[in-house]
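Topology and contacts: notes
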Amino acid sequence: MAPQGATTTLEDKESCPPPPSPPSSHLPKPISEPPLRLDSFPPPAPSRSQSSLENTLPFPLPPRIRHGSCAESERFATSQRELTDADSRVVLVGDPDGTDPRLELSGNAIRTAKYSPLTFLPRNLFEQFHRLAYVYFLVIAVLNQLPPLAVFGRGASVLPLAFVLLVTAVKDAYEDWRRHLADRIENNRAASVLDLGTGRFRPKRWKDVRVGEVLKVLADGTIPCDMVLLATGDPTGVAYVQTINLDGESNLKTRYAKQETMSPAPDSHPFVAANFIRCERPNRNIYGFLGNMEVDGKRVSLGPSNIILRGCEIKNTAWAIGVVVYAGCDTKVMLNSSGAPSKRSRLETHMNRETLLLSALLIVLCSVVSVCNGFWLGNHRDDLELSQFFRKKDYSDGDEKNYNYYGIGMQVFFTFLMSVIVFQIMIPISLYISMELVRLGQAYFMSGDTNLYDESSNSRFQCRALNINEDLGQIKYVFSDKTGTLTENKMEFQCASIGGEDYSGGNAPPQGNDKVHPLLDVDDQCWKPKMLVKTDPELVDLLTTASYGFVLIERTSGHIVIDVLGHRQRFDVLGLHEFDSDRKRMSVIIGCPDKTVKLFVKGADSSMLGGIQKGIDLDIICATETNLRAYSSLGLRTLVIGIRDLTRNEFEEWQSAYENASTALVGRGRFLRAVASHVERDLRILGASGIEDKLQNGVPEAIESMRQAGIKVWVLTGDKQETAISIGFSCKLLTSEMTQIVINSKSRESCKKSLQDAVAMSSKLAAPGNVLTGAGSARSPLALIIDGTSLVYVLETALEEELFKVATVCDVVLCCRVAPLQKAGIVALIKNRTDDMTLAIGDGANDVSMIQMADVGIGLSGQEGRQAVMASDFAMGQFRFLVPLLLVHGHWNYQRMAYMILYNFYRNAVFVFVLFWYVLYTAYTLTTAITEWSSVLYSVVYTALPTIIVGVLDKDLSRKTLIKYPQLYMAGQRDERYNLKLFILTVMDTVWQSAAIFFIPYVAYRHSTIDGSSLGDLWTLAVVILVSIHLAMDVYRWNWLTHASIWGCIVATFICVIIIDSISMVPGYWAIFHMMGTGLFWLCLLGIIVAGMVPRFTTKALTEYVMPGDIQIARELEKFRNVNAATTSEISMSTFSQQP
Amino acid sequence: MNNVNGSVVGSSSGSGDGSAPRRNSKRPKYSRFTQQELPACKPILTPKWVISVFTLIGVVFVPIGIASLMASNDVVEIVDRYDNVCVPSNMTSDKVAYIQNDDVDKTCSRTLKVPKHMSQPIYVYYQLDNFYQNHRRYVKSRNDAQLRKSSQANETSGCDPEKRTKDGAPIVPCGLIAWSLFNDTYIFATGNKNLTVNKKEISWKSDRDHKFGKDVFPKNFQSGPLIGGKKLNDTQPLNEQEDLIVWMRTAALPTFRKLYGRIEQDLNAGDVISVTLKNNYNTYSFSGKKKLVLSTSSWLGGKNDFLGIAYLAVGGLCFFLAVAFTIVYLVKPRKLGDPSYLSWNRNPAGH
């Protein structure tokens, strides 16, 4: 069936049953309003049955109020467009066989596993070779297979690459196997499917469910595929779904079955089999759905509110019946499932730069060898035939021909390629695998850290991204959300001002007062009733604290039952105006047991005080305002509550206006606002409440620690400026001696001006201080406070630069009233302009963009669902965990990884240089005295384990010290442990050490009978021992694992060398035993170790003594604190890491 | 924001959270390992340590150096280069032609003077300079399987270009190394008494027993158009051909010595040894040198002062460093672990 010009719309009409009628006269006519859609009006929807509640009410209830529907319909309106044949699919309801034969519809089986046994090898290899380094090693292995270039034996040349590939493949295979298991469990879950023959629902496995089938899902059941709702257990066709698995939002969303398909009983056919649904192709948009359904020849349009998605759960609804439209991998949740975010750590980026340098060095070495080879060949051009060791010609075939000689040019070329093969480990292949293992170990320790375990949410630290552990040690900027991140996001009622009287602290309102003062307080998030009251036994609303004598017994969307000092009373909720940011208030209309109707309004003080009826209760207003100021200076969120008695006429007037507005197809939101503003006037002030969003434990201490650690903490919040500032004070972000620069401008020009003023001011304030550091002791610290409106004019305009200048000078930046995308914009402002590392931490869906933008994103698993966690690189339970995470684990990770990378470069380069020196004495022909097996085993067996163990376990400083002196963290910010200078020093040391290794035996054995294998064994052992001693000298903490791995590897090398030399097929048979029997061997070994290490040891001892870094001092402190300074007071530390 | 329906969740989850005690806490298990608190020693380079280490190295190295030097001094070594002097004066213009000409008598006499008493055994070496026994083409050109077992005679892979004869028969031992076997010979005499040179057990026992088979006999050896060196006795098994075994242990460096034999009697200072040698081996084509070496040995091997000097130098350097560090520590004393040296304490504003 083609659309035939009849367009469908997605207006949420079924939630607002009566057809649109002209708005009542008292409503402002929306003349200037641009209609959302002019071209299409939906067909009138049939009126739905009235709520059964209506006969209990004093007067007829207004139609059911669909809270939130307006917002939703606005959100969905963007997805409106027409469905054409090409981008739609047709689903025959109840007839999976007849459903759209054009499409090869897969079943509902899902597959998150990447590989099957058959495809594992090719696919896994393909993916692994995305790493450039692996391609490099593959190319080398392939080159080595060419006969003229065969440097190593076949086996030896492929082994290292094969080993690395194998380890990774085993890891991948294990992970995939677990995914397979999870898939199998998921696919075999039971669904109940309508059997058309019998008309009953029968169990069927999820994977066998097909598009077009009709399913029933019971309360708390998980929805197996994306379905269009046909009927639900609620007579009005509502189903509540929890979408936490989908978008992380924990609140319930309402979905509706179309009135046309609703039927009374759960087990009868809720539809006609001939019905069909035309809907859009599968797509990722979880907030969009577009389709229409034909019921009895009538076309009904379907929107996002008619569809329930796989992975969601049905809540508070006895059952729901729907028809499958998307199954298996077409479902929106599957289309949205993407792997953990992949970021590359800064250290790794730097490492790649150094890898390039090493490649250049490699090319230099290879060029030297090949050019020298060319000269040598040129000089001996005429000798080549008769030199016994060259023997240019092969006579065995009768006629003379050159054996393996292709002219000098080709020889030079081949020599170059061969030297690349021989020197290949200059690029440390094992480094990549070591880094992965080390990160795995670090992640294990981070998630196993009891200090990062959050008792309240029972959550451990989670490493979701495995490749940026070390970035945690270099963070310079922390961008934090406020609500739920700094605070607990648990609103606690703290103070109330009722009728101008302040009730705060332990000052409970007196009970039994005869005055009537209900306070209605509705929490932003979820209508969580807070508290109210002074004593009207007759009219009370919501109360969470039983101690005041009011207990909320029951609450539905239609009524509230409250136990008021022993009497149960029922209040009907007759209407509700949602909060919106224009009005900054919300209101509810309550039908009281005494048949009066009252309007309660709560809202921000600025908006409420304007709507208060002037002239009466002036004292109360003044007193309330005083109280409000007091509350907000305490950092409380304040709300003012007003009341208005509605007469029956007023109510009816409101009711009809509301009905009209809420059913309007265009501009519904605006109409509703108008209705609300109309009724929210002439209020009497009841009082005000102060709600505390309590700071999480340890936040001020954490912020202070981070400030000392040189980390700039920026708070980005959606709150208003006053609240943000007061929270800033309460978490010690702002202090009273700070100079505040406030930018809140309403236009581009004023914004520009205030920014320029700020620049001038900040530079003026910065000037008297220390010129070198740009920050002086003389000036007071600066705080920048900027709001979202101003940011609109700043971000992505020329003013960004100015903001950047100001913000970087300021010690603290507070952004209030920012939108989610602005948060990301602010992060980008820093990230794009500096090299400094940024970290974003947040708990809500509105922080996702910022979490993904920052170099490191941390999600708090808090009250606002898991979306932030899903987008994050690391997830944890509390803000204060940032301190141990960054200062301790970050520091360690950075220190360990930095050292490991440098060490790996050094370790392999030493070996390559030893090979290189030898090549210079073999007529540049790339002979290696060291056996090829030792070359291969060198970086994977001889020296691999200690660096991994040290990379996982070594600690330069203890947790206590790192937390006590947060400034030690700055070592990471300054790139102290890994920089070009260190790299160059290391390379110089490498050259010296390799020279010691090579030339001491060279001179000692110069005119002796020494054979190549024996000398090769000596070099092998010398390299391994020297490299291990080098590591041993740099280890900070020796525990038994370190000992075992370092000494164990030396022993293992001896054993390997002995084993290799015990194979009689190898030219070097028995060489090591001959060597070990001579004194010269041992003297050479000892001489090499000492001569190789002396420069490094001397430099180390000298720098540590003469120019000690902070870390060195702290290490000494740690070691000698007991001896020299028994400053007992300092021993009790890490107070907040121990906090529960 | 403002989703009323959330209230249901709020209240229900609230009660769920608060009441039921948590059955499966995810609190990580505490152990010293998981908390990274394994007992460990934290070495720090204190002045005491640094000075001790340097002194210790000095104390160890200087005596070793002296001992090595003394050992090297005790070694008496006679080196005689004969490759050029053995070429008849009329043929010095084309030495290669001389060496390739089989008709010219290659016998050459040299006299050596014993400078100091040499106690037996006196090792007789030949030394080749500039001979790249470690050249890639050369060092690979062998087949160890063939040398071990007679049944593996056909195993000639890797032996290019001395693999097979023209008619395809395998050469045993194949390869350039065997083909180029050194073939100068020396006969020694003092006065008119011959000095016997013991050529037994000049190779490694491990090679004779396991590497070179006792049932492997040379076949088709040196039968090609170009003769590389010595011809082998076809009736003697390889494990008895010790010159070959010594030669096949390819030298590590382009200047090397190979053991020729042992003179098992003492020589006195001033003795004159006359050497009658056959100058057969061609080193002229690559401007190599041939030297005859008679040497005694010490616990350290042959004559080599380098190790002794190196040990003395390193030991001396370490003593010097020990003194230098002592001076540094005295001139610029620093209390270890003094918090006032922390950068933020030294310069409170500087961060």
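Predicted, not measured: the structure shown is a model, and the values here were computed from it.

Contacts between chain A and chain B engage 129 residues on the former and 117 residues on the latter. Of the roughly 10,900 Å² buried between chain A and chain B, counting both surfaces, carbon and sulfur atoms make up 61%. Of all residues in chain A, A:Gln388, A:Phe389 and A:Tyr1105 bury the most surface against chain B, accounting for 9% of the area lost on that side. The interface formed by chain A and chain B contains 5 salt bridges.

Moving on: unusual backbone geometry. Where the residue is not glycine, phi is negative for most of them; where a peptide bond is considered, it is trans in most cases. Residue and element names in this part refer to chain B. For the bond from Gln120 to Pro121, the omega torsion is -5°, close enough to zero to count as cis. Take Pro121: it is sitting in the loop between strand S2 (107-113) and strand S3 (122-129). In this structure, Pro173 follows Val172 across a cis peptide bond, with omega equal to -15°. Mapped onto the elements, Pro173 comes out in the loop between helix H5 (144-148) and helix H6 (176-179). A positive phi angle is found at Asn130, which is not glycine, with a value near 65°. Its place among the elements puts Asn130 in the loop between S3 and helix H4 (136-139). Even without a glycine there, the phi angle at Ser287 is positive, about 45°. Looking at the element boundaries, Ser287 is found in the loop between strand S8 (272-278) and strand S9 (289-295). On the accessibility criterion, Ser287 (47% relative accessible area) is partly exposed.

On to the nonpolar core, then. Among the nonpolar cores identified, the biggest contains 201 residues, and A:Phe423, A:Tyr1005, B:Tyr186, B:Phe188, B:Trp247 and B:Leu294 are the most heavily contacted of them. Leave out the neighbours within four places in its chain, and B:Tyr186 touches B:Tyr82, B:Tyr126, B:Tyr260, B:Val275, B:Thr276, B:Leu277 and B:Leu292. Membership of the second largest hydrophobic core comes to 46 residues, among which are A:Met446, A:Ile468, A:Leu734 and A:Met876.

All names here are of chain B. Taking the UniProt record as the reference, the feature "transmembrane region" (unreviewed entry) is found at residues 49-71 and 306-331. For residues 49-71, the helix share is 100%, the strand share is 0%, and the end-to-end C-alpha distance is 33 Å. From the first C-alpha to the last, residues 306-331 spans 36 Å; its make-up is 100% helix and 0% strand.

This part is about the sheet that holds strand S17 (residues 475-481) of chain A. All names here are of chain A. Taken together, 9 strands build an open sheet; the order of strands is S16-S33-S32-S31-S17-S27-S30-S29-S28 and the sheet is mixed. Among the strands making up the open sheet, the edge pair consists of strand S16 (462-463) and strand S28 (739-743). Direction of pairing for strand S29 (residues 782-787) relative to strand S30 (residues 812-816): parallel, over a ladder of 5 bridges. Along S30, the bridge assignment pairs Ala783 with Val812.

Pairing between the strands of a sheet is mediated by backbone hydrogen bonds and can be parallel or antiparallel. Residues and elements named next belong to chain A. Pairing is antiparallel in the open sheet, where 4 strands are placed in the order S1-S8-S9-S10. Across the chains shown, the open sheet's two edge strands, defined by having one partner strand only, are strand S1 (88-92) and strand S10 (298-302). Across the sheet, the mean angle from the axis of one strand to that of its neighbour is 20°, orientation sign disregarded.

Residue and element names in this part refer to chain A. With respect to burial, S17 is a largely interior element, 6 of its 7 residues being buried. As defined by bridge partners, S17 adjoins strand S31 (residues 837-842) across 5 bridges and the pair is classed as parallel. Looking at S31, one finds that Ile475 is bridged to Met837. Relative to strand S27 (residues 712-716), S17 is paired through 5 bridges, and the arrangement is parallel. Across the sheet, the residue bridging to Val478 is Val713, located in S27.

Conventions used here
- Residues numbered from 1 in each chain as written.
- Chains lettered and ligands numbered in written order.
- Predicted model: local features only at pLDDT ≥ 70, side-chain atom pairs only at ≥ 80, totals over all residues.
- Heavy atoms only, no water.
- Contact = heavy atoms within 4.5 Å.
- Buried area = accessible area lost by both parts, 1.4 Å probe.
- Salt bridge = Lys/Arg side-chain N within 4 Å of Asp/Glu carboxyl O.
- Helix = DSSP H or I, 4+ residues; strand = E, 2+ residues; numbered from the N terminus.
- Buried < 20%, exposed > 50% of the residue type's maximum accessible area, 1.4 Å probe, protein only.
- Core = buried A, V, L, I, M, F, W, Y, C linked by side-chain atoms within 4.5 Å.
- UniProt positions renumbered as here; feature names shortened; annotations may be inferred.
- Pairing = 2+ DSSP bridges.
- Axes fitted to C-alpha atoms, helices over the stretch in contact; angles between N-to-C directions.

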